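Coordinates in review
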Amino acid sequence: MALTGDTGNGATLVFAAGMGFGTATTSLSVISITQGEETVGTVDVSTLATTDCMESIPSDLREVGESSASFKWITTANAATLPGAAGTVTITWPIRSNETTAASYTGTGFITGWTPPSFQNGELQTGEIKWKWDGDTGPTYTKAS
Amino acid sequence: MADLAISIRTYLLTKTAITDLVGQRIYTDILPQSATLPAITMSKISTRHEHQLSDFGGLAHTRLQFECFAATRATANSIAEAIRSCGIITQKGTLTSVDIRGVRVEDGQRNYVDYPTDGSDEHRYVTTLDLVFDYTET
């Protein structure tokens, strides 16, 4: 069986219009994307009769941590204006040769912060942006097909 | 896109501090046989390209090595110093179709001797200087 796996090259990040970049959707020239961890809380259901180990059940709701991305700074592009409205954030995986639709992770969220570039000899100007999935819609992972 | 090394050679040949020493004798990679001294060779040592996830990042960094050949150590050093101080370090903007974003000395003067292979006692003194150029690329 052929080995599989892929790098991050080709992944994209798009913010919907109105999230603080203006009236158009914004695709940043991303260099890296760091996704927040998706977790579910635990509920202790131990009783006085419990022995050996605490007993737990999953909580009802999942939580998705803050995500961030670094991107090449384009001086002619708008910087984010905070606070911005919530909107749809879409991360799309690089499509592979045997796929027609790439995997994606999408949902509504809002930008929680951005950092302009530092200036250093010989170093590409890069910015960083952070966003929180607000839970109103998704986020949902859709596998490639 | 214009070649960086060609652009830099063109720029250096506009500097009288350099042409007073070597004339038009700035060669690519190696000296011609029986070359008149003093002279300079330029070599592209390495190029690093910035990347974003979907494409090149639009910025590259090239290390050029300048070897300054002369009949005396003092002259070889003077040529290297002339390159360092000719104003190239402060270049920013279009230089013969290359958009330079920064220049810095990556490795300062180093010395070695080029021993003759013709049985003579005529050594060639070589002073080497490396510069890194940051420039935009498409």
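So, a few notes on the structure that sits alongside this text. Since this is a predicted model, take the numbers as computed values, not measurements. (Residues numbered from 1 in each chain as written. Chains lettered and ligands numbered in written order. Predicted model: local features only at pLDDT ≥ 70, side-chain atom pairs only at ≥ 80, totals over all residues. Heavy atoms only, no water.)

**Focus: the overall build of chain A**
- When helices and strands are counted, chain A shows zero helices and ten strands.
- When the elements of chain A are put in sequence order from the N terminus, they spell out β-β-β-β-β-β-β-β-β-β.
- Relative to the globule expectation of 15 Å for 145 residues, the C-alpha radius of gyration of chain A, 19 Å, shows a markedly less compact shape.
- Projected onto its principal axes, the C-alpha positions of chain A cover 65 × 45 × 35 Å.
- Out of the 145 residues in chain A, the part that is buried amounts to 28%. (Helix = DSSP H or I, 4+ residues; strand = E, 2+ residues; numbered from the N terminus. Rg over C-alpha atoms; globule rule 2.2 N^0.38 Å. Buried < 20%, exposed > 50% of the residue type's maximum accessible area, 1.4 Å probe, protein only.)

**Description of the sheet that holds strand E3 (residues 55–70) of chain B**
Residue and element names in this part refer to chain B.
- Spatial strand order, E1-E2-E3-E6-E5-E4: six strands in an open sheet with mixed pairing. Each end of this open sheet is capped by a strand with a single partner; those strands are strand E1 (26–28) and strand E4 (93–95). Adjacent strand axes in the sheet meet at a mean angle of 30°, parallel and antiparallel pairs treated alike.
- Bridge count between strand E2 (residues 39–52) and E3: twelve bridges; the pairing is antiparallel. Residue pairing across strands places Ser43 opposite Gln65, the latter belonging to E3.
- Together, E2, E3, strand E5 (98–114) and strand E6 (124–136) form the strand contacts of helix H3 (residues 73–85), whose direction differs from that of E6 by roughly 10°. (Pairing = 2+ DSSP bridges. Axes fitted to C-alpha atoms, helices over the stretch in contact; angles between N-to-C directions. Contact = heavy atoms within 4.5 Å.)

**A short note on unusual backbone geometry**
- Cis rather than trans, the peptide bond between Leu82 of chain A and Pro83 of chain A has omega equal to -10°.
- At the junction of Leu37 of chain B and Pro38 of chain B, the peptide bond is cis and its omega measures out at -5° in the coordinates.
- With respect to the helices and strands, the residue Pro38 of chain B is situated in the loop between E1 and E2.
- Despite not being glycine, Asp29 of chain B shows a phi value in the positive range, around 70°.

**Let's talk about the pattern of salt bridges**
All names here are of chain B.
- This model, assessed by the stated rule, comprises 14 salt bridges over all chains.
- For Asp107, the salt bridge goes to Arg110, with nearest N and O atoms at 3.6 Å.
- The exposure class assigned to Arg110 is partly exposed, which follows from its relative accessible area of 26%.
- Put simply, Asp114 and Arg124 hold a salt bridge, and the shortest N to O gap is 2.6 Å. Taken as a pair, Asp114 in strand E5 and Arg124 in strand E6 lie far apart in primary sequence, ten residues in all.
- Taking relative accessible area as the criterion, Arg124 reaches 26% and is therefore assigned partly exposed.
- By sharing partners, the salt bridges in this structure join Arg63, Glu106, Asp107, Arg110 and Asp130 into a single network. (Salt bridge = Lys/Arg side-chain N within 4 Å of Asp/Glu carboxyl O.)

Interpretation in functional terms is not warranted from these geometric data alone.
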